[in-house]
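Tertiary structure, described
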Amino acid sequence: MWTGRAPGKIILLGEHAVVYGYRAIAAAVDLCTTVTLRDRPGPTAIENSSIDDARLAAAFASIVPGEGLGISIESELPVGCGMGSSAALAVATVRALAAREGRQATFAECYEKGFALERVFHGNPSGLDHAVSAMGSPVIYRRGHPAEGLPLAKPIRLVVANTGVPGNTAELVAGVKARKPSGELLRLGALAEMAAARLAMGQPIGEFLTEAQRLLRKIGVSTPQLDDLCRAMLGAGAQGAKLAGAGGGGIVIALVDGFSEADVRDVAESIVPGRVYAITIRPAATSR
Ligand code: PMV
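Note that the structure is a prediction, hence the values are computed from the model and not measured.

**As for the pairing of strand E8 (residues 240-244)**
Side-chain direction in a regular strand flips from residue to residue, so the side chains alternate between the two faces of the sheet. Counting buried positions over the five residues of E8 gives five, a clear majority of the element. Pairing analysis gives five bridges linking E8 to strand E9 (residues 251-255), with the strands arranged antiparallel. Residue Ala241 lies in a different strand from E9, and its bridge partner there is Ala254. Between the antiparallel neighbours E8 and E9 lie six residues, among them Gly245 with a positive phi of about 105 degrees.

**Here's the deal with helix H7 (residues 206-218)**
Its 13 residues place the ends of H7 19 Å apart at the C-alpha level, agreeing with the 18 Å of an ideal helix rising 1.5 Å per residue. Of the positions making up H7, those classed as buried are Gly206, Phe208, Leu209, Glu211, Ala212, Gln213, Leu215 and Leu216. Those residues of H7 hidden inside the fold are in contact with strand E1 (2-13), helix H6 (182-200), helix H8 (224-235), E8 and E9.

**Here we look at the packing of H8 against helix H9 (residues 261-271)**
The N-to-C vectors of H8 and H9 enclose an angle of 150 degrees; their axes lie 8 Å apart at closest approach. Between H8 and H9, the angle is such that the two are roughly antiparallel. Once H8 is placed against H9, the crossing between them reads as right-handed. Of H9, the residues touching H8 (which contributes Leu229, Ala232 and Met233) are Val264, Val267, Ala268 and Ile271. Looking at the contact of H8 with H9 residue by residue, the classes come out as seven nonpolar, no polar and no charged.

**Looking at the layout of surface pockets**
In this structure, the largest pocket encloses a volume near 570 Å³. Lys9, His122, Asp129, Thr169 and Ala246 are the residues nearest the centre of the largest pocket, which is lined by 39 residues in total. Elements supplying a minimum of two residues to the lining of the largest pocket: E1, helix H2 (85-100), helix H3 (107-122), helix H4 (128-135) and helix H5 (169-179). For the lining of the largest pocket, the class distribution of residues is 16 nonpolar, 17 polar and six charged. There is about 220 Å³ of room inside the second largest pocket.

**Some remarks on the packing of aromatic side chains**
Overall, the coordinates contain three aromatic pairs when judged by the stated rule. Between Tyr111 and Phe115, the aromatic rings sit 5.3 Å apart at their centres with planes inclined by 75 degrees, giving edge-to-face as the arrangement. Here Phe115 and Tyr111 lie together in helix H3, a separation of four residues that amounts to about one turn. The exposure class assigned to Phe115 is buried, which follows from its relative accessible area of 11%. Residues Tyr111 and Tyr141 carry aromatic rings whose centres are separated by 6.4 Å and whose planes lie at 55 degrees to one another, so their mutual orientation is tilted.

**Considering the site of the ligand**
Around the ligand, the structure places 16 residues, and the nearest of them are Lys9, His16, Ser126, Thr169 and Ala246. Measuring from an oxygen atom of the ligand, one finds a backbone N or O atom of His16 at 2.9 Å. For the ligand, the accessible surface in isolation is 380 Å², of which the surrounding protein chains cover 95%. When each cavity is represented as a set of grid points, the ligand is found to reside in the largest pocket. The set of elements that each furnish at least two residues to the shell around the ligand consists of E1 and H5. Residue composition of the shell around the ligand, grouped by class: six nonpolar, seven polar and three charged.

**As for the environment of Val165**
Turning to its location among the elements, Val165 is positioned in the loop between strand E7 (156-162) and H5. The spacing of Val165 and Pro146 is 19 residues in sequence and 32 Å in space, taken between C-alpha atoms. Excluding residues that lie within four positions of it along the chain, Val165 makes contacts with Gly80, Gln225, Gly248, Gly249 and Gly250.

**Re H6**
Each α-helix turn comprises 3.6 residues. Residues three or four places apart therefore point the same way. The end-to-end C-alpha distance of H6 is 28 Å, a good match for the 27 Å that 19 residues give at a rise of 1.5 Å each. Of all the residues in H6, the buried ones are Glu184, Leu185, Leu188, Gly189, Leu191, Ala192, Ala195, Ala196 and Leu199. Along H6, the residues classed as buried sweep out an arc of 150 degrees about the axis, all on the same side. At its buried positions, H6 is contacted by E1, strand E2 (24-43), strand E5 (139-141), E7, H5 and H7. Looking one or two places after H6, you find Gly202, whose phi comes out positive at around 75 degrees.

What counts and what doesn't
- Residues numbered from 1 in each chain as written.
- Predicted model: local features only at pLDDT ≥ 70, side-chain atom pairs only at ≥ 80, totals over all residues.
- Heavy atoms only, no water.
- Buried < 20%, exposed > 50% of the residue type's maximum accessible area, 1.4 Å probe, protein only.
- Helix = DSSP H or I, 4+ residues; strand = E, 2+ residues; numbered from the N terminus.
- Pairing = 2+ DSSP bridges.
- Expected span 1.5 Å × (residues − 1).
- Contact = heavy atoms within 4.5 Å.
- Axes fitted to C-alpha atoms, helices over the stretch in contact; angles between N-to-C directions.
- Parallel < 35°, antiparallel > 145°, perpendicular 65-115°, else oblique.
- Left-handed = near helix turned anticlockwise from the far one by under 90°.
- Nonpolar A, V, L, I, M, F, W, Y, C, P; charged D, E, K, R; others polar.
- 1 Å grid on protein atoms, 1.4 Å probe; cavity = no way out; pocket = protein on both sides within 12 Å on 5 of 7 lines; lining within 4 Å.
- Points joined across faces, edges and corners; volume = space filled by probe spheres on them.
- Phe/Tyr/Trp six-rings, centres within 6.5 Å; stacked < 30°, edge-to-face > 60°.
- Near = heavy atom within 4 Å.
- Polar contact = N/O pair within 3.5 Å; in protein donor to acceptor, adjacent residues only side chain to side chain.
- Areas by Shrake-Rupley, 256 points an atom, 1.4 Å probe, with all protein chains shown as cover.
- Sits in = over half its atoms within 2 Å of the grid points.
- Arc of directions from axis to C-beta.

Geometric descriptors of this kind do not, in isolation, establish any biological role.
Below you can see the structure in the form of structure tokens.
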């Protein structure tokens, strides 16, 4: 048996804009997907999966041999909520395939092959999700360019609230394309770049998150529930709050400190009980 494991991600700033060549910043999270392969006679088949998605077979067909493998998938990541579950699946699969050949997959291999699987799920992915998953650390990403590490002067503490409503990334990206909100996309990319500079110096970026949420609402990817969560978490003392990922449901992230964390968690729990997590994003040298 051969196993590959890869983490999900959270986009701090720049989702949707990254599809159009602007920069985004994101980081891996400590929730992972594990793919196990074993030899079996006959056509390749998914034998066990904690992910229930009709696109799985087509996705695997894009990178896994059609004959002779049994596939098992174990994921800690909720599906369709903006935490990069399909990207983690892609990278974990590439790693398991390399393990079967008795070697470790390179970043370039995870990135290139990961694209094939991500396309089945997302149509026209920017590549951000699986670049972050393959790096396993904070990243600044621009489509068509090598992913770069995002320097952090200190760890970032986030409260994550999952609406439990899956968003359809391909549809949301297509909706933005149809509306062509060029000014908003430009500004979303600028916020990601400015935030990257501030994070390197240990300066706060809360106001950038809150402005990004206003823009994401304007381009039509937020929902009343996401807006309510952001408002409530800001009201409880968060320094900034926004949806993260494609939107249409999925998660909200709120930037907190030692003073506000408990209140922000409590208010999020009152809205989406049992679906609130606290996450620390650490500088690359000390993470993972
Ligand atoms: O919601 P997710 O995890 O699929 O993130 C999508 C991010 C987008 O920028 C909206 C699309 C992309 O391909 O980058």
